[in-house]
Amino acid sequence: MRDIQKHIIPLTATVLDAIRMLNEISADLSLTLFVVDPDREGRMVGTVTDGDIRRAVSGGCGLECPVVDAMNPSFTAIPDGNIDITTLKRIKELQIKLVPILDREGRIVRVLSFAGGRSFLPIDAVLMAGGKGERLRPLTLTTPKPLLPVGGKPIIDYNIENLLRHGVEHINVTVNYLAEQLEAHFAQPVGPDSTRVRCVREPQYLGTMGSIKFVPEWHNDTILVMNSDLFTNIDLEDFYLHFKKHQADMSVAAVPYNVSVPYGIFDIENTREITGIREKPNYHYYANAGIYLLRREVLEHIPDGLFYNATDLMETLIAQCRRVIRFPMSGYWVDIGKPDDFRKVQELAQHMNKK
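Residues numbered from 1 in each chain as written. Predicted model: local features only at pLDDT ≥ 70, side-chain atom pairs only at ≥ 80, totals over all residues. Heavy atoms only, no water.

(A) Fine view of the pairing of strand E12 (residues 222-227). Burial runs high along E12: five of the six residues are buried. Across five bridges, the pairing between E12 and strand E17 (residues 282-295) is antiparallel. Bridge pairing in E17 places Thr222 opposite Arg295. (Buried < 20%, exposed > 50% of the residue type's maximum accessible area, 1.4 Å probe, protein only. Helix = DSSP H or I, 4+ residues; strand = E, 2+ residues; numbered from the N terminus. Pairing = 2+ DSSP bridges.)

What follows is the structure, given as structure tokens:
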């Protein structure tokens, strides 16, 4: 979210006023002003960019001409509380950098910046950070695994930053083991928009999905749930659009997993009769990446106070013939479970920082 006022110009202003305002905001490279009508309680009526002004001036418009003569009355805006798939796609395709959110009367509520590929997804996020990380001991004896440093910052911060890049405003972190350290880590707002990360204590270990029931409130109809100790650059916008396109109840991010057998494999019938041989076959699978999108209503299937994993929820939904799909991931993904995994992400982070 940006400072609204520096991008708002009244319909009564002149082209010269617009030039002065654009000069003041030129440092952020988002050279767009939103024209509002003071006589209609500030209703937005158009946009003005530096390109609009150049075209108006070259067409004979002087500096004292009203800004409406340079204004573009066709603009892209988002209704407050309704960021949908079609709007997101259109913004990306047209490479629009600034988009206003309008209330029912057409007044600007706030301004979103899509510069640098940023998105704004209408989801709530839950990062699970309550585990003990026993396979990484002694590193996790005094530090929770999500706070172990990778490339100079805690593992969990990479995932928080990815959420912020996608405009996720409601972020929850479920905590248990060494909870006070994670609570202290997120005591202050994070990111350019000063987003507040809420830590939610689970009184006991309740599995991947069991701890979600302790989140006190939801703001959106789509919930992202993921392990906080993953090292990944998953494109959350693609994940969300795929989820909505297929009208799923649950989507599971999946990573390709290949198994190569270095021997000839027999096809056998009746326990001993060889019917064929496959020489050094390759098998291709998709593995669970530990990242999920859910329709909020499916949370009702998670029992209170019982250990309940994501796989339990999948099986429940499948048994009810609900739509459970997989999202094939691209990019990198490492589940930091063992010391070898931890060393691997340190090398990967070091390589990334050199670029």
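(B) Spatial organisation of helix H1 (residues 15-24). Buried within H1 we find Val15, Ala18, Met21 and Leu22. The buried residues of H1 occupy an angular sector of 120 degrees when projected down its axis, which confines them to one face. Set apart from the buried face of H1 by more than 90 degrees, the exposed residues are Asn23 and Glu24. Looking at the buried side of H1, the elements it contacts are strand E1 (8-10), strand E2 (32-37), strand E3 (43-49) and helix H2 (50-58). (Arc of directions from axis to C-beta. Contact = heavy atoms within 4.5 Å.)

(C) How the structure looks around the sheet that holds strand E7 (residues 123-129). As summarised here, the arrangement of the seven strands in space is E11-E10-E7-E12-E17-E14-E18, forming an open sheet in which the pairing is mixed. With partners counted over all chains shown, the strands left at the sheet margins are strand E11 (197-201) and strand E18 (324-328), one partner each. When the angles between neighbouring strand axes are averaged without regard to direction, this sheet yields 35 degrees. As paired strands, strand E14 (residues 250-260) and E17 are joined by 10 bridges and run antiparallel to one another. Following the sheet pairing, Asn258 is matched in E17 by His284. Against the sheet, helix H4 (residues 155-165) contacts E7, strand E10 (170-175), E11 and E12, and its axis sits at roughly 180 degrees relative to E7. Contacts from helix H7 (residues 236-245) reach E7, E12, E14, E17 and E18, with the element oriented near 85 degrees to E17. (Axes fitted to C-alpha atoms, helices over the stretch in contact; angles between N-to-C directions.)

(D) The packing of aromatic side chains, seen in detail. Tallying each qualifying case throughout the model produces three aromatic pairs. Ring pairs connect the aromatic residues Tyr158, Phe231 and Tyr332, which therefore count as one cluster. Positioned above the aromatic ring of Tyr286 is the side chain of Arg326, whose terminal nitrogen or guanidinium carbon lies 4.3 Å from the ring centre. (Phe/Tyr/Trp six-rings, centres within 6.5 Å; stacked < 30°, edge-to-face > 60°. Lys NZ or Arg CZ within 6 Å of the ring centre and 35° of its normal.)

(E) Up close: the sheet that holds E3. Taking strand neighbours across the sheet as the criterion, the three strands line up as E1-E2-E3 in an open arrangement whose pairing is mixed. Because the sheet does not close on itself, it has two edges, and the strands there are E1 and E3. On average, each strand axis in the sheet is inclined to that of its neighbour by 35 degrees, with strand direction left out of account.

(F) Highlighting the side chain of Glu202. Along the chain, Glu202 falls in the loop between E11 and helix H6 (207-210). Salt bridges are absent for the buried Glu202, whose nearest opposite-charge side chain, Arg201, sits at 10 Å. From its side chain, Glu202 meets the backbone nitrogen of Leu206 in a polar contact 3.5 Å long. If we skip the residues at most four places from it in the chain, Glu202 touches Gly130, Val175, Asn176, Ser211 and Phe214. (Lys, Arg positive; Asp, Glu negative; His and termini not counted. Salt bridge = Lys/Arg side-chain N within 4 Å of Asp/Glu carboxyl O. Polar contact = N/O pair within 3.5 Å; in protein donor to acceptor, adjacent residues only side chain to side chain.)

(G) Main features of unusual backbone geometry. Even without a glycine there, the phi angle at Glu41 is positive, about 60 degrees. You can see Glu41 is positioned in the loop between E2 and E3. The phi dihedral of Leu178 falls on the positive side, at around 50 degrees, and the residue is not glycine. Within the secondary structure layout, Leu178 lies in the loop between E10 and helix H5 (179-185).

(H) Molecular detail of the environment of Leu136. As for its placement among the helices and strands, Leu136 is situated in the loop between E7 and strand E8 (149-150). On the basis of relative accessibility, which here comes to 2%, the residue Leu136 falls in the buried class. Distance in space between the C-alpha atoms of Leu136 and Pro339 is 5.8 Å, their sequence separation being 203 residues. Not counting the four nearest positions on each side in its chain, Leu136 is found in contact with Lys145, Leu148, Ile336, Gly337, Lys338, Pro339 and Phe342.

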